[in-house]
Amino acid sequence: MDTSKNILLKSLFIAGTDTDVGKTYITAGLAVVLRKMGVDVGVMKPFAAGDAQKKGYKSEDVEILSSAAQTCDPENLVNPQFFLIPASPYTAWKKLKIKPKVSTVLSSFKKLSKLHKVILVEGMGGIMTPILKDYYITNLIKEMKIPTVIVTRSKIGTVNHTVMTVKMCEKYKIPIKGIIINDFESGYPIKDLTRDLQNLTGIKVLGSIPFIQDMSDASLNQIFKKNIDLKLLLK
Ligand SMILES: Nc1ncnc2c1ncn2[C@@H]1O[C@H](COP(=O)(O)OP(=O)(O)OP(=O)(O)O)[C@@H](O)[C@H]1O
Ligand SMILES: C[C@H](N)[C@H](N)CCCCCC(=O)O
Ligand SMILES: [Mg+2]
């Protein structure tokens with residue numbers, strides 16, 4: 001059933017409290033559930049880093065996101081820049097002497113936004129991952145003029161990371177749609193963590209995602225439909 005017409009959301013930045021918190025997994029799940037609702041969804045990973053895949057997209061994240069969205073947009077749009085060391089764009093620039101191309105990222109985002117109704121943009125590391133001197137993921141989100149969702153872990157220590165991330169979003173005046181708890185490793189009871197994060201930050205927890213055994217369409221669709229408040233996310 002196509003419920004896409006009543007979706008007001010244009011694009012969404014999926015930020016995280018850190019690297020490896022599950023931004024890719026959460027973005028993939030959101031892409032699947034949107035697509036199944038009849039939404040023409042595109043994906044983007046502006047900057048990626050690490051070991052390049054031998055086949056297909058250089059970035060494994062982009063591979064996962066594109067297959068979840070079932071898009072085959074050109075790599076130069078989906079992932080304008082890939083650094084061959086696992087580091088922030090700023091550190092990669094200093095080490096590899098390859099300057100991060102922010103204007104190319106922004107123009108690629110504009111082009112992708114013409115190809116799809118909703119673009120899910122995955123961040124890189126946490127929101128204060130540096131891209132240039134005094135230019136962070138926060139600055140990129142601002143320039144993209146889109147709201148963000150914050151992906152956080154459930155393991156002990158997550159309250160500090162989440163509160164800091166929210167406070168930085170507020171400092172940069174970035175609208176926050178909500179927090180998604182990625183409960184893939186043991187930590188706080190979700191009920192307690194949801195209560196405390198909402199009380200401490202004033203930001204809604206949109207749901208929590210359990211350990212995902214099976215990344216198939218059917219599995220991701222079922223898990224995200226069941227666990228995420230999509231009405232809140234898409235309004
Ligand atoms: N819900 C989940 N279920 C099962 N495994 C998960 C889940 N979320 C994350 N993982 C595991 O954690 C790893 C890191 O997750 P993911 O790649 O999504 O992090 P990330 O925040 O996108 O990292 P990066 O900053 O590098 O993009 C995954 O490769 C996977 O092994
Ligand atoms: C390579 C890694 N998986 C991420 N894509 C990049 C993480 C950048 C982290 C920057 C920092 O140290 O805070
Ligand atoms: Mg990722």
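Nothing here was measured: the structure is a model prediction, and the numbers come from that model.

### Thoughts on the overall build of the protein
Point 1. Along the protein, the regular secondary structure elements total ten helices and ten strands.
Point 2. The C-alpha radius of gyration computed for the protein amounts to 17 Å, which stays within 12% of the reference 18 Å derived for 235 residues, consistent with globular compactness.
Point 3. Taking the principal axes of the C-alpha coordinates as reference, the protein spans close to 45 × 40 × 30 Å.
Point 4. Sequence-distant contacts in the protein: of pairs separated by 6 or more residues, those separated by 24 or more amount to 76%.
Point 5. Carbon together with sulfur atoms contributes 56% to the accessible area of the protein, which is approximately 11100 Å² in total.

### With respect to the coordination of the magnesium ion (ligand 3)
Point 1. Here the magnesium ion (ligand 3) is held by the protein donor atoms Thr24 (OG1), Asp61 (OD) and Glu122 (OE), which lie 2.0 to 2.2 Å from it.
Point 2. Taken in chain order, the donor set of the magnesium ion (ligand 3) reads T-x36-D-x60-E. Pair noted here: Thr24 is in helix 1 (residues 23-36) and Glu122 is in strand 5 (residues 118-122), with a separation of 98 residues, a long-range link.
Point 3. Under the relative-accessibility criterion, Thr24 is labelled buried at 8%.

### What to know about the packing of aromatic side chains
Point 1. What the rule picks out here adds up to two aromatic pairs.
Point 2. Between Phe47 and Phe83 the ring centres are 6.3 Å apart and the planes differ by 25 degrees, which places this aromatic pair in the stacked class. Taken as a pair, Phe47 in strand 3 (residues 47-49) and Phe83 in strand 4 (residues 81-83) lie far apart in primary sequence, 36 residues in all. Just as Phe47 is buried, Phe83 falls in that class too.

### Overview of the nonpolar core
Point 1. Membership of the largest hydrophobic core comes to 37 residues, with the highest contact counts inside it found for Phe13, Leu140 and Met144.
Point 2. Broken down by secondary-structure element, the contributors of at least two residues to this core are strand 1 (11-16), helix 5 (102-115), strand 5, strand 6 (130-132), helix 6 (137-144), helix 7 (158-171), strand 9 (176-183) and helix 8 (190-201).
Point 3. With five residues, the single largest contributor to this core is helix 5.
Point 4. Leave out the neighbours within four places in its chain, and Met144 touches Phe13, Met44, Pro46, Val105, Leu106, Phe109 and Val121.

### Topic: the side chain of Thr162
Point 1. For Thr162, the location among the structural elements is in helix 7.
Point 2. Only 2.5 Å separates the side chain of Thr162 from the backbone oxygen of Thr158, close enough to count as a polar contact.
Point 3. Not counting residues up to four positions away in its chain, the partners in contact with Thr162 are Thr17, Thr152, Ile179 and Leu197.

### Quick look at the confidence of the model for the protein
Point 1. Considering every residue of the protein, the mean pLDDT works out to 96; 98% of them sit at 70 or more.
Point 2. The complex prediction reports pTM at 0.97, with the ipTM value standing at 0.98.

### Looking at the UniProt feature "binding site: Mg(2+)" (unreviewed entry) in the protein
Point 1. Sites flagged by UniProt as "binding site: Mg(2+)" (unreviewed entry) map to Thr24, Asp61 and Glu122. Of the residues just listed, which span 99 residues, no C-alpha pair is farther apart than 8.8 Å, and they cluster in one region.
Point 2. In this structure, Thr24 is in contact with Asp61, Ile64, Leu65 and Glu122, ignoring residues within four places of it in sequence.
Point 3. In contact with Asp61, not counting residues within four places along its chain, are Thr24, Lys45 and Glu122.
Point 4. Within the structure, Asp61 has its side chain in polar contact with the side chain of Thr24 (distance 3.0 Å).

### Remarks on the site of ligand 2
Point 1. Close contacts around ligand 2 come from Thr19, Ala49, Pro86, Ala87, Ser88 and Met124, and that covers them all.
Point 2. For ligand 2, the protein covers 60% of the area, taking 390 Å² as the surface of the free molecule.
Point 3. Here the shell around ligand 2 is composed, by residue class, of four nonpolar, two polar and no charged.

Reading the values: rules and limits
- Residues numbered from 1 in each chain as written.
- Chains lettered and ligands numbered in written order.
- Predicted model: local features only at pLDDT ≥ 70, side-chain atom pairs only at ≥ 80, totals over all residues.
- Heavy atoms only, no water.
- Helix = DSSP H or I, 4+ residues; strand = E, 2+ residues; numbered from the N terminus.
- Rg over C-alpha atoms; globule rule 2.2 N^0.38 Å.
- Contact = heavy atoms within 4.5 Å.
- Areas by Shrake-Rupley, 256 points an atom, 1.4 Å probe, with all protein chains shown as cover.
- Donors = N, O, S within 2.8 Å, 3.2 Å for Na, K, Ca; no water.
- Buried < 20%, exposed > 50% of the residue type's maximum accessible area, 1.4 Å probe, protein only.
- Phe/Tyr/Trp six-rings, centres within 6.5 Å; stacked < 30°, edge-to-face > 60°.
- Core = buried A, V, L, I, M, F, W, Y, C linked by side-chain atoms within 4.5 Å.
- Polar contact = N/O pair within 3.5 Å; in protein donor to acceptor, adjacent residues only side chain to side chain.
- pLDDT = per-residue confidence, 0-100.
- UniProt positions renumbered as here; feature names shortened; annotations may be inferred.
- Near = heavy atom within 4 Å.
- Nonpolar A, V, L, I, M, F, W, Y, C, P; charged D, E, K, R; others polar.

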